[in-house]
Amino acid sequence: MFSVNLPRTIIWGGGSVQKLGRLLTDLRLKNPLIVADPFLASPASGAVQKVCDVLSKSALKFDIFTDTITDPTTESVEQCVDALAAGAFDSVVALGGGSPIDTAKAAAVLYSHGGKMRDYKAPFMNDTPSLPLLAIPTTAGTGSEVTKVTIVTDSETNEKMLCMGLAYLPIAAILDYELTLTKPFRLTADTGIDAMCHAMEAFVSARRNPIADGFAISAMEKLGKSLQTACFNPHDATAREEMLLGSCQAGMAFSNSSVTLIHGMSRPLGAAFHIPHGMCNAMLMPQCTAFSIKGAISRYGEAARMLSLCAANVSDGEAAWEIPVALQQISTKLEVPTLKGFGIEEDVFRKAVPTMAAAALASGSPNNNPIVPSLAEIEALYHEIWDEGAQRTQLH
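Structural notes, computed from the coordinates. (Residues numbered from 1 in each chain as written. Predicted model: local features only at pLDDT ≥ 70, side-chain atom pairs only at ≥ 80, totals over all residues. Heavy atoms only, no water.)

What follows is about the pattern of salt bridges. Evaluation of the coordinates by the stated rule reveals eleven salt bridges. Shared partners join several salt bridges into a network, and the residues in it are Arg118, Asp154 and Glu156. (Salt bridge = Lys/Arg side-chain N within 4 Å of Asp/Glu carboxyl O.)

Put simply, helix H6 (residues 185–204) and helix H8 (residues 237–255) touch, their axes get as near as 8 Å, and they point 40 degrees apart. Relative to H8, the element H6 lies oblique. Crossing hand, H6 versus H8: left-handed. Contact residues: H6 offers Thr188, Gly192, Ala195, His198, Ala199 and Ala202, while H8 offers Arg240, Met243, Ser247, Ala250, Ala253 and Phe254. Looking at the contact of H6 with H8 residue by residue, the classes come out as seven nonpolar, four polar and one charged. (Axes fitted to C-alpha atoms, helices over the stretch in contact; angles between N-to-C directions. Helix = DSSP H or I, 4+ residues; strand = E, 2+ residues; numbered from the N terminus. Parallel < 35°, antiparallel > 145°, perpendicular 65-115°, else oblique. Left-handed = near helix turned anticlockwise from the far one by under 90°. Contact = heavy atoms within 4.5 Å. Nonpolar A, V, L, I, M, F, W, Y, C, P; charged D, E, K, R; others polar.)

According to the stated counting rule, one finds five aromatic pairs in the structure shown. Plain terms: the ring middles of Phe349 and Tyr382 are 6.4 Å apart, the flat faces sit at 75 degrees to each other, and that makes the pair edge-to-face. Of this pair, Phe349 sits in helix H13 (residues 346–362) while Tyr382 sits in helix H14 (residues 375–395), and the two are 33 residues apart along the sequence. Linked through ring pairs, Phe273, Phe349, Tyr382 and Trp386 together constitute an aromatic cluster. Here Arg299 stacks its cationic end above the ring of Phe203, 4.2 Å away from the centre of that ring. (Phe/Tyr/Trp six-rings, centres within 6.5 Å; stacked < 30°, edge-to-face > 60°. Lys NZ or Arg CZ within 6 Å of the ring centre and 35° of its normal.)

Another point: the layout of surface pockets. Roughly 340 Å³ of volume is contained in the second largest pocket. Lining of the second largest pocket is provided by 19 residues; of these, Asn158, Glu159, Lys160, Pro268 and Ala359 occupy positions nearest its centre. Sorting the residues of the lining of the second largest pocket by element identifies strand S7 (160–164), helix H9 (261–273) and H13 as the ones contributing at least two each. Taken together, the residues of the lining of the second largest pocket break down into ten nonpolar, five polar and four charged. (1 Å grid on protein atoms, 1.4 Å probe; cavity = no way out; pocket = protein on both sides within 12 Å on 5 of 7 lines; lining within 4 Å. Points joined across faces, edges and corners; volume = space filled by probe spheres on them.)

Put into structure tokens, the structure is as follows:
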């Protein structure tokens, strides 16, 4: 038996942020807190001002919180909780990439239910309703606007915690690709690769199901043909819209199935060395996929074709084994650094491997992988990723 959980309303298209006031009114919400980041609040972006202008025209009360940080921590989330407590807010409008949206989700839950964020980390499922949240993504990657997931790092232990349940699911989302047109190359590449991971992992997950498959398939088709165009021709409106829709569909896919080994290993790596999440995934994708292929050859073959990583007429086996090579080529073209190239010292990395591997396994995500890895195999994969990166660096 399966169940699917989605926001009740999704509005998309260029300029669709103009519908925010009417959407809040239709939902009988009158006083939202806008949660964003400092850049979106700056004149260089203008995104927060655009949202404020829309709400002002609708005669709605609102206030703004922009002290979110990249990769939210329990400390930064508590600041947002304090902002919610200081006003009579009946909802939250989360504007931004995954970090502001995840901050808003976590803050809405803590404001509504109390406690500490670590009380809610997986495998705990929090399905109790919390403060209504509407999400407006400004990047095409996390899919957080449609997922029942948030990621927060524990400020005391440095653990990157996965928190899940309907309490984190936005009630509505607005997908306005015009908000993504000014995103720089690095951010577009990293968030786009994250979306590709979401779609492919959901498609091969042990928890896959026909509805999530439909979202994953559509997402892979869009992302595979649009990622590089969006990176190298950032004002291509068609590519930007395809990326935003594909990211949203990938979010709906994994939120209603699961992610697998890549994300399981990515969270501890990002927490330990402060690597952007999508970049972590890109570093891990080739080796993690190669490890997993034998457990789902036909699925990986289909994924390769939908992501445009191989010729359409090759067999599933040939297509599947082209994925690691093609993913590495894409990562190279999109200037994804090696671990050493990111500035990590080899001895520090290798000492961290046992702790990262234990955290990866404890998250539960690797248990949904086509081949379920042991602790020793995850450790070996971390070492292999370092070695492969070092070898490529020597060749160049």
